[in-house]
Amino acid sequence: MAGKKKEEPQTFEQQIARLEEIVALMEKGDAELADSLALFDEGTGLIHSCGKLLDEAEQKVVRLMKGADGAPVELPFDTKDESDG
């Protein structure tokens, strides 16, 4: 195993592109059952991974508001105040 190079993690965009390839291959319907199952497994893994990346990105998104003392305060992005309408 000394000669095996560790793969770099794929970016979100690369994972989505691969997922689109998998969908196209499966929609063609000409893959053998074992290949279809392998594609399905890979696709579900990619969906899980992309979902995790999106969750992490969502947690990083914050909204800055002016606090009572005038200093900026970080709030979750989906928090609304009276001025939002």
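Residues numbered from 1 in each chain as written. Predicted model: local features only at pLDDT ≥ 70, side-chain atom pairs only at ≥ 80, totals over all residues. Heavy atoms only, no water.

J.: In this structure, what is going on with the overall build of the protein? I would like to understand it.
T.: Broken down by element type, the protein carries two helices and two strands. Along the protein, helices (α) and strands (β) appear in the sequence α-α-β-β when read from the amino end. The 85 residues of the protein split such that 12% are buried. When contacts within the protein are restricted to residue pairs at least 6 apart in sequence, those whose partners lie at least 24 apart make up 33%. Carbon and sulfur atoms make up 57% of the accessible area of the protein, which amounts to about 7,500 Å² in all. (Helix = DSSP H or I, 4+ residues; strand = E, 2+ residues; numbered from the N terminus. Buried < 20%, exposed > 50% of the residue type's maximum accessible area, 1.4 Å probe, protein only. Contact = heavy atoms within 4.5 Å. Areas by Shrake-Rupley, 256 points an atom, 1.4 Å probe, with all protein chains shown as cover.)

J.: Honestly, the pattern of salt bridges in this entry has me stumped. Any pointers?
T.: Oppositely charged side chains may form a pair once their charged atoms are brought near each other. In this structure the tally under the stated criterion is two salt bridges. E21 is paired through a salt bridge with R18; the nearest N and O atoms lie 3.0 Å apart. Of this pair, E21 and R18 both sit in helix 1 (residues 12-28), separated by three residues, roughly a single helical turn. Judged by its relative accessible area of 21%, R18 is partly exposed. In this structure, the salt-bridge partner of E42 is R18, at a minimum N-O distance of 2.8 Å. (Salt bridge = Lys/Arg side-chain N within 4 Å of Asp/Glu carboxyl O.)

J.: Hey, could you run me through helix 1 in this one?
T.: Count 3.6 residues to each turn of an α-helix, and residues three or four apart come out pointing the same way. The end-to-end C-alpha separation of helix 1 is 25 Å, in line with the 24 Å expected for 17 residues at 1.5 Å each. Of all the positions in helix 1, only Q15, L19 and I22 are classed as buried. Across the axial projection of helix 1, the buried residues extend over an arc of 60°, all falling on one side. Among the exposed residues of helix 1, those pointing more than 90 degrees away from its buried face are E13, E20, E27 and K28. (Expected span 1.5 Å × (residues − 1). Arc of directions from axis to C-beta.)

J.: Where do I start with the side chain of Q15 in this structure?
T.: Note that Q15 resides in helix 1. Using a relative accessible area of 6% as the deciding quantity, one classes Q15 as buried.

J.: Teacher, can you tell me more about the confidence of the model for the protein here?
T.: Fine structural detail should not be taken from predicted coordinates in areas where pLDDT scores are low. Summary statistics for the protein give a mean pLDDT of 83 and a share of 79% for residues scoring 70 or more. Confidence, read as mean pLDDT per element, is least for strand 1 (residues 62-66) in the protein (69) and greatest for helix 1 (96). (pLDDT = per-residue confidence, 0-100.)

J.: I keep staring at the packing of helix 1 against helix 2 (residues 33-60) and nothing clicks. Help me out?
T.: Two measures define how a pair of helices packs: the angle their axes make with one another and the distance between the axes. Interaxial distance between helix 1 and helix 2 falls to 9 Å at its minimum, and their mutual angle equals 150°. One way to sum up the angle between helix 1 and helix 2 is to call them roughly antiparallel. As helix 1 runs across helix 2, the sense of the crossing is left-handed. Packed against helix 1, whose contacting residues are F12, Q15, I16, R18, L19, I22, L25 and M26, the element helix 2 presents S36, L39, F40, E42, G43, L46, I47, S49, C50, L53 and L54 at the interface. A class-by-class count of the residues in the contact of helix 1 with helix 2 yields 13 nonpolar, four polar and two charged. (Axes fitted to C-alpha atoms, helices over the stretch in contact; angles between N-to-C directions. Parallel < 35°, antiparallel > 145°, perpendicular 65-115°, else oblique. Left-handed = near helix turned anticlockwise from the far one by under 90°. Nonpolar A, V, L, I, M, F, W, Y, C, P; charged D, E, K, R; others polar.)

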